[in-house]
Amino acid sequence: MAKLGSRSGSQILRTFLPEQTVDLRGDIYRVREWSAPNPIEIDSDVVRWSLLTEIGAWTANDTDGGMAGELLRQVPVEVVELDERRGVTVERYPRTWLCRCCKRIGRSAEERCRCGNRNWGQLHFVGVHECGAITEPRIRRCPQHDDVRVVVPRSAKAADIRFVCPVCATPTMQGLGFHQKCGCGTGTVRWTVHKARMVYVPRGVVLINPGRPEHRENLNLTGGPRKALIWVVEGLQVVTPAEPAGRSAEAGDHPVDRLSPAQRAVAEREAVDIAMALAESRTPTTALRLPDPGDPLEQRYREKYPPALRQAGIDGLDLVDRFPILNAMYGYTRGKDDPSKCRLVPFRRRRGGYRLYGNLAETEAFLIRLDPIRVATWLAGRGHRLAGWTPEYTDPVLARVAILESAAIPAKRDDPRVESTGADVLKLIHTYAHRLIRQTAVFSGIERDALSEYLVPHHLGFFLYPAARSDFVLGGIQAVFESNLDDLLTAFVTAEHRCPLDPGCGIGSGACAACMHLGEPSCRFFNLFLDRGVLFGRNGYLRHST
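Here goes a summary of the coordinates provided. (Residues numbered from 1 in each chain as written. Predicted model: local features only at pLDDT ≥ 70, side-chain atom pairs only at ≥ 80, totals over all residues. Heavy atoms only, no water.)

## Focus on the sheet that holds strand S14 (residues 190–193)
Okay, so step 1: Pairing is antiparallel in the open sheet, where three strands are placed in the order S10-S9-S14. The open sheet is flanked by strand S10 (134–135) and S14, the only strands paired with a single partner.
Okay, so step 2: Sheet topology places strand S9 (residues 125–128) next to S10; two bridges connect them, and they run antiparallel. Bridge assignment links Val128 to a residue of S10, and that residue is Ile134. (Pairing = 2+ DSSP bridges. Helix = DSSP H or I, 4+ residues; strand = E, 2+ residues; numbered from the N terminus.)

Given below as structure tokens:
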């Protein structure tokens, strides 16, 4: 088996997935499979719940390929990672052979072209349909001379390509086939270059997956998801959920017990995510201490960090130096990027069930949690009513529970124009994360596109971490945390917040590529639910008095 090239595991995760076409050494290939990949140990229930959430839009439109129903029936789900020694198996595709010398279309790459050369490339167009099908063009040949060559146009449109006989110059066809029916019988094939976005859109999910499964087992033994929820709602005042909580953990004795079953289930899942992320390591800003009280850095921790956190409206900021993040691809779509118009094609195991192709990494991260009293006050100022809470209350636990009760966080494919308490909470957390990522890139020396977000909006927080797909400055996040976090937060609050494209940007959504957007892999919400106004508007969160 010939080796055609090498890529890192993180590159292969998004660009060398089954049925994806790729360029290698000047030729076009289609990925058949990952060769003997290695299994990743996962919590199957967590993966199933995350997948059901991710594919919700396709399930609602009955275009999920039956995946939701099978997940609910507990079919097997596995996650695998690349074995870099065995790599990926590929095959030449499309098999429409194009002579690089005379532009004739040949029948086989093993035969010589009629011009005498055997230097075959490929016509780089394929046909796709929203059902997930991909097909090769069928080129009509001259009936008299059994020959054909392509006349390549100056445009990139498949409809402008002409095919003529190289002997008699008789045109044989225009374009690659108009109104060609797809094999599924529900529409026509669309022709485009094989690397166009519509040909293959990988669909993935990001999970917090601790490298040691005993962390989840220990949590279950010490009270399970409810204990994690209480721990988070009480502000992570103790190191782990296993330690005694500030309030009674008996059933019915805690404010979280007034949440509905659906509200509590979602809140508990995010709380477990936080607990698993912090299971290996956690350093809050309050733990930063040096032995010499006269040390300038120690004085900075005591005198400058707390007011900077308060000014930024942050209740707690923790450094996680072993943040376990799993990126996994569960399928792909072709055609239009609309769940109502394209069918999800999930990756399947040969023995039944589903296979996810993943990359598990440990990196460093910030966990940022916003001040619940300030968030509740901000929401009330925007006209939202929070159950069981009034602006006179000063108990952060009651504020967190009131927000959990009142804010139904939208899914990432929901319409951001629909106003609700949950939409405002999501816009606040998401916009805050994007602005902080942009500022952190400057202070840490890490490229902006190498930083990612993991939102836990029900608990008014998010993780900010360098993604494993790119090179990053090792220790860059930790260096900022230990040396100039106050400068970062001050810049976050006071640096220029206007957009170069104002007033147009402000009149529109309040966020654009010039001021708020991040690259697609960094943002899991498609750069939706963003608005600078929630931070810096007339009643913005960062304008609210502390």
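## Observations regarding empty space enclosed by the protein
Okay, so step 1: The final tally for this structure, using the stated rule, is two cavities of 30 Å³ or more.
Okay, so step 2: Approximately 40 Å³ is the volume attributed to the second largest cavity.
Okay, so step 3: What lines the second largest cavity is simply Val232, Arg369, Leu370, Pro372, Arg400, His459 and Leu460.
Okay, so step 4: Class assignment for the residues of the lining of the second largest cavity results in four nonpolar, one polar and two charged. (1 Å grid on protein atoms, 1.4 Å probe; cavity = no way out; pocket = protein on both sides within 12 Å on 5 of 7 lines; lining within 4 Å. Points joined across faces, edges and corners; volume = space filled by probe spheres on them. Nonpolar A, V, L, I, M, F, W, Y, C, P; charged D, E, K, R; others polar.)

## Describing the sheet that holds strand S5 (residues 88–92)
Okay, so step 1: Strand order across the open sheet formed by three strands is S1-S2-S5, with antiparallel pairing between neighbours. Strand pairing shows two members of the sheet lacking a second neighbour, strand S1 (21–24) and S5, which therefore form its edges. On average, adjacent strands in this sheet sit at an angle of 50° to one another, irrespective of strand direction.
Okay, so step 2: Pairing geometry for strand S2 (residues 27–34) and S5, over five bridges, is antiparallel. Its bridge partner lying in S5, Val31 is registered against Val90. (Axes fitted to C-alpha atoms, helices over the stretch in contact; angles between N-to-C directions.)

## Focus on the pairing of strand S4 (residues 77–81)
Okay, so step 1: For S4, the tally of buried residues reaches four of five residues, placing the bulk of the element in the interior.
Okay, so step 2: Alignment of strand S3 (residues 38–40) against S4, held across three bridges, turns out to be antiparallel. In the strand pairing of S4, Pro39 is matched with Val80.
Okay, so step 3: With five bridges connecting them, S4 and strand S19 (residues 354–370) associate as parallel partners. Residue pairing in the sheet places Glu78 in a bridge with Arg355 of S19. (Buried < 20%, exposed > 50% of the residue type's maximum accessible area, 1.4 Å probe, protein only.)

## Concerning the packing of aromatic side chains
Okay, so step 1: Under the defined criterion, the tally for this structure stands at 12 aromatic pairs.
Okay, so step 2: Residues Phe366 and Phe481 carry aromatic rings whose centres are separated by 6.2 Å and whose planes lie at 45° to one another, so their mutual orientation is tilted. Here Phe366, found in strand S19, pairs with Phe481, found in helix H13 (residues 476–483); they are 115 residues apart in sequence, far enough to count as distant. Here Phe366 matches Phe481 in class, with each residue buried.
Okay, so step 3: With centroids separated by 6.0 Å and ring planes inclined at 55°, the aromatic side chains of Tyr432 and Phe462 adopt a geometry described as tilted. You can see Tyr432 sitting in helix H12 (residues 421–444) and its partner Phe462 sitting in strand S21 (residues 461–466), a full 30 residues away along the chain.
Okay, so step 4: Looking at Phe462, the relative accessible area reads 1%, which means it is buried. (Phe/Tyr/Trp six-rings, centres within 6.5 Å; stacked < 30°, edge-to-face > 60°.)

## Focus on the state of the cysteines
Okay, so step 1: Per the counting criterion, the structure on display carries zero disulfides.
Okay, so step 2: Here Cys523 is not cross-linked by a disulfide; its sulfur's nearest cysteine counterpart is in Cys515, at 13 Å. (Disulfide = S-S within 2.5 Å.)

## Description of helix H11 (residues 396–406)
Okay, so step 1: Among all positions of H11, only Val397, Ala399, Arg400, Val401, Ala402, Ile403 and Leu404 are buried.
Okay, so step 2: Against the buried residues of H11 lie helix H6 (224–233), helix H7 (261–277), strand S17 (314–333), S19, helix H10 (372–381) and H12.
Okay, so step 3: At the N-terminal boundary of H11, the capping side chain belongs to Asp395, with an oxygen 2.9 Å from the backbone nitrogen of Val397. (Contact = heavy atoms within 4.5 Å. Polar contact = N/O pair within 3.5 Å; in protein donor to acceptor, adjacent residues only side chain to side chain.)

## Notes on the side chain of Thr172
Okay, so step 1: Positionally, Thr172 belongs in strand S13 (residues 171–174).
Okay, so step 2: Polar contacts involving the side chain of Thr172 include one to the main-chain carbonyl oxygen of Arg140, which spans 3.1 Å.
Okay, so step 3: Non-local contacts of Thr172, meaning those with residues more than four positions away in its chain, are made with Arg140, Arg141, Cys142, Val148, Phe163, Val164 and Cys165.

## Considerations on the nonpolar core
Okay, so step 1: Judged by nonpolar contacts, the single largest core of 56 residues is most densely connected at Phe366, Ile368, Leu370 and Tyr432.
Okay, so step 2: The element contributing the most residues to this core is H12, with nine residues.
Okay, so step 3: Those residues in contact with Ile368 that sit more than four places away from it in its chain are Ile314, Gly316, Leu317, Tyr432, Leu436, Leu460, Gly461, Phe462 and Leu464.
Okay, so step 4: Counting residues in each nonpolar core, the second largest holds 32 residues, with Leu259, Ala267, Ala275 and Leu367 among its members. (Core = buried A, V, L, I, M, F, W, Y, C linked by side-chain atoms within 4.5 Å.)

## So, the side chain of Glu54
Okay, so step 1: Here Glu54 shows up in helix H2 (residues 44–54).
Okay, so step 2: With a relative accessible area of 17%, Glu54 lands in the buried category.
Okay, so step 3: Ignoring anything within four residues of it in the chain, the contact list for Glu54 reads Gly204, Val205, Tyr330, Lys412 and Arg524.

## Comments concerning helix H14 (residues 485–494)
Okay, so step 1: The buried fraction of H14 is high, at seven of 10 residues.
Okay, so step 2: Within H14, burial applies to Leu485, Asp486, Leu488, Leu489, Ala491, Phe492 and Val493.

The quantities given are spatial measurements derived from coordinates; they are silent on function.
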